[in-house]
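# Observations on the model geometry
Spelled out from the first residue to the last, the chains are:
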Amino acid sequence: MKILTKYQFHLISIGIIALAVGILFHKPLTGEFTFGGPDSLSPSAVHQGIESAEKEFGEYPLWLPWVFSGLPSIHSFQNISDFYFPNIFMNILRSMGIPGFWNYIFHFILAGMGVIALLTQLGTNRIGALFGGLSFALMPYLITMVVHGHGSQMMTTAWIPWVIWAIIRLFDKTNIGNLGILGLIVGLQLQRAHAQIAYYTWMAGGLLILFLLWNIHNSKTNKPKWLIYTGIGLALGLCMAMWIYLPALNYAPHSIRGAGGGGGTGFEYATAWSFSFGEMSTFFIPSYYGFGGATYWGNMPFTDYPNYMGIIVLTLAIIGFLFSQKKIKWFFASTALLALLISFGKNFFFYEIFYDYFPYFNKFRVPAMFLILTQFSIAVFAGLGLDISTKIISNNNIEMVKKMFYVAGAISLIIIGLKFMLGSHPDFGSRSHPVLNTLRIGLINSDMTKSILFLIISVGVFYITRMGWITNRVLAAIIMSLSVVDLTLVDHQIIQPEKDSYRQSTMTKRSVKSAYLNEDEVIRFLKKDTTLYRILPLGSLANENRWSAFQIESIMGYHPAKIYRYNKVKDEVGWNSLGVLQMLNVKYLITTEELPHPAFDLVFVGKLFHQGKYQQTNVYQFKYTIPRAFFTQEVKVIPEIENQLTVLRKPDFNPLATAIIEQEVGVVKYDPNSQANITFWSPDKIEIEVSAPIDQFLVLSEIYYPKGWKITSHPDWEIHPVNIILRGIHIPTGEHHIAMEFIPDDVRYGTFLTWGSTILLLLFIVVWVNHRRKENESLAEAI
C-alpha cells in the first residue's frame, strides 16, 4: 500500500475533521441558520452599533456609550474580533458570500490539527495522531461554546495544543525560526481575547517548561539557551496582543473584576460554577447529572452540557497513560489532574491557593472551565492509547492485551456501579421533580447502555483483530468511527435538543437574527427623538444589549466587567430614586408591563422584538428629565464613596441642587443665567458651548473614567468625579468652547507593541528560512 506523504496525511486529516464537524453543523454551514442565544446576539448588536457609529463619525469608537451609560470598548473586551489577525481573512471570505459560521469550522480544524501536530511531534503514529485530533475537535465542551455564543472561548481553546507543540518544538530545535513560531502562536491565541483560557494555557505552558527543565535529559538541547528563547518568544507573543491587553490591564482596577476589597471577583461569585466530585460520573455516563437545562441536578447554578469526553476516548486515554513509555506523559497526566482539582473550585481547597496567590487568577470565575485542560490531555492520551494498543495487538503480546481488556472491564464496572449507586428511586435533591425525574432516569439508563455497548463492541473489534480476521488499519477505522458516533450523539443533543428534553435549541433561522438587528416599532419611535437621552429598560429587557445596534443609550445592559463605581451605584442605590434617573439623563422607560407612576407618562405602545418574537411594549416618558449637561447650585465635598451613596439614597436628592465631589475645586457659585449647550456629540468626543457669568460647576451626564478622557480645548482643566459616576468641570467666568475627547494612551502604545512584535517575529522566521535555504544550497553544491 502506498504510504501517504506528510502533506497528503494533513490534507486527509483536515478533510476528516471538517467532514465530521460539518455533518454536526450542517444547518449553519449554508448561512440559513445561526445560533441565536443571548450570548450570540448581544455581540452582534454591539458590533452593529460600533460599525454604524464608525461610519457616522469617521472613527472607531473607543468608548461604548450604549451599555450601562458608557464604558470603554476595547478596554472591556467589546467588539475586538477584528483585533485578531485571522479575522482579516475571515472578513474577506464573508465579503465573498461565505457564511461567517465557517470561521468556527476553521477553528475546529485548527484544534484537531493542533493535537495531530503535537502527537506527531511526540512520535505517535498517524492513526493515533488522527484519533487524538478528532477526539479533541469533537469534545462536547467545544461544541457547547459555539452553540451558546462563546465563540472567543472556543477559538482561544483551539490554540492550546499549538502552544504546547511550539514549546516542545523549540526545545527539540532551539533556533530563531522556532522562537518566531512560538511567539506568533502565543500572540494569535492571546489576540482572540478569552483571557481566562489564555491564562490556563500559560499555566500549562509554565508546567511544561518546568517539566522539560527537570525531567528531560537531552544532550542536544542547550537548556539555558532554550529557556532564554522560550522567554523571548512568550514575551513577544504577549506583546502581539498588547493592543487589547494593555488597555484591559489599565481598565481592570476600575472594573468590578479588579476594584473593590480584594482586587478581583469575590470568592463566592468566582466559584459559583464549581465542578464537583460527584459530577465526575458524567465522564462515564453523560446524563448522570441530567443533560443540562431543566434536567440538570448538580450543584452548579445551571449548565448546558455534560463534561463527557467519550467512553472510547477515555478508555484509550487510560491505556495510553498506563502503557506509554514516554516521559512526557507525566506532564499531560499532571496537567489533567491539576486542572481537575482546580475545577472543583469551592468544593476543594486547591482552588483557593491559586485564588489567593497567583497573579490575576482572582479575576476569573467558573472554575469548571479548567476542565478543558483535562479534556485536552485526555485527547492526547487517547491518541497515544490507540497507537500503543494497535502495536500491542500487532506484537500479539498476550499479557498486555489482557491488561487492556482489564481496563475496559474496570470502566464497565464503574459504569454499572454508578447506576447502582443511584438505586431504584434516586434522590435528585432540591431539583427533584416527578416529570423531570422520570426523564433523568430514562437518560441515565439509555446512556449507561450506550457506554457499555460501545465498550463491548470496541473490545470485540480488538479481539477479532488479534485473531487476524481484520488488519490494524481496519481496527483503527472502526474504533475511530465508533468514537465519532459516541461523541456526536452527545454533541447532537447539545446542538438540537429533542422536543421532550426540556431544553431549548439556540439554533434559529437567519431571519430571527435579522429581525433582532433591524428596527421595529419601538426602536423607530425612540430614533425619532434626536436629543441626547438615555432609556431605562425594565424586567427581562434590563439585561438586553440590543439597543446598542441602533445607538440608543441605556443605563442597563449586560457586561461581565462593568465599571466598579457605576455598578456600586446600580446595586446599592438603584433606579428607584428620581434624582438618580435625572442625573443619568433618563428620558424614557421601556417595559412590557403597565407602569402606574405619577412621574411617567405613557407616550407610545408598539411592537418590540425581544426573546425571538415581537412583543407589545410600553414606552413611558420621564416627566423630570434634565439635559445631558447642566450647572449645579451647590457643590459638596464628600471624599468617601460610602458616604456619597448615603446622599444618593435620600428621596429628596436633586442633582440640579447638589453635586457631590471628592476634593475641593475652588470657589463655586451659581448663576441661573449660565448656559451650557452640547454642540457636538460622538462616542469619543463632546463639544460644549458654555457661558458662565461667574465661576460655576458644570456636571456632564457622562460616565467618569479617569484613563483617557481629556479636555483637549483646555489641557490644564481637570475632570472631576461627580455623584460617584458622572463627570464635572470647574468653569471659570467667561465664554468657553469646551472639547472633551477620549484619547487613551494605552491603546496607542498597545498598537505600537502589537505591530512591532509581529514584524520582529515574522523577521525571525524569514531569517531562519533564508538561512536554511542557504544551508541546503551549500549542501547541494558540496554533493
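Let us look at the structure shown here. Since the structure is predicted, the reported quantities are computational estimates derived from the model, not experimental observations. (Residues numbered from 1 in each chain as written. Predicted model: local features only at pLDDT ≥ 70, side-chain atom pairs only at ≥ 80, totals over all residues. Heavy atoms only, no water.)

## Some remarks on the sheet that holds strand S8 (residues 613-622)
- An order of S5-S6-S8-S7 is seen for the four strands of this open sheet, with the pairing classed as mixed. Since the sheet does not close on itself, it has two edges, and those belong to strand S5 (534-537) and strand S7 (600-610), each with one partner. Ignoring strand direction, the axes of neighbouring strands in this sheet form an average angle of 30°.
- As defined by bridge partners, strand S6 (residues 586-591) adjoins S8 across four bridges and the pair is classed as antiparallel. If you follow isoleucine 590 over to S8, its bridge partner there is valine 619.
- Set on the sheet, helix H23 (residues 521-528) makes contact with S5, S6, S7 and S8; between it and S7 the angle comes to about 130°. (Pairing = 2+ DSSP bridges. Helix = DSSP H or I, 4+ residues; strand = E, 2+ residues; numbered from the N terminus. Axes fitted to C-alpha atoms, helices over the stretch in contact; angles between N-to-C directions. Contact = heavy atoms within 4.5 Å.)

## Some words on the sheet that holds strand S17 (residues 726-731)
- With antiparallel pairing, the four strands of this open sheet are ordered in space as S9-S14-S17-S16. The open sheet has two edge strands, strand S9 (629-631) and strand S16 (720-722), and neither has a second partner. Taken over all neighbouring pairs, the strand axes of this sheet differ in orientation by 35° on average, direction set aside.
- In this structure, strand S14 (residues 696-703) lies alongside S17, joined through six bridges in antiparallel fashion.

## As for the layout of surface pockets
- Of the pockets and cavities examined, the second largest pocket occupies roughly 610 Å³.
- His10, Ala117, Trp162, Trp165 and Arg169 are the residues nearest the centre of the second largest pocket, which is lined by 19 residues in total.
- For the lining of the second largest pocket, the elements supplying multiple residues, two or more each, are helix H1 (6-24), helix H5 (102-121), helix H9 (160-172) and helix H10 (176-191).
- Here the lining of the second largest pocket takes eight residues from H5, the largest share from any one element.
- Residues that form the lining of the second largest pocket fall into these classes: 14 nonpolar, three polar and two charged. (1 Å grid on protein atoms, 1.4 Å probe; cavity = no way out; pocket = protein on both sides within 12 Å on 5 of 7 lines; lining within 4 Å. Points joined across faces, edges and corners; volume = space filled by probe spheres on them. Nonpolar A, V, L, I, M, F, W, Y, C, P; charged D, E, K, R; others polar.)

## Concerning the pairing of strand S18 (residues 734-742)
- Taken together, the eight bridges between strand S13 (residues 685-692) and S18 define a ladder with antiparallel strand orientation. Counterpart to serine 691 in the pairing with S18 is glutamate 735.
- Examined bridge by bridge, strand S15 (residues 709-711) and S18 share three bridges and lie antiparallel to one another. Paired with lysine 710 across the bridge in S18 is glutamate 741.

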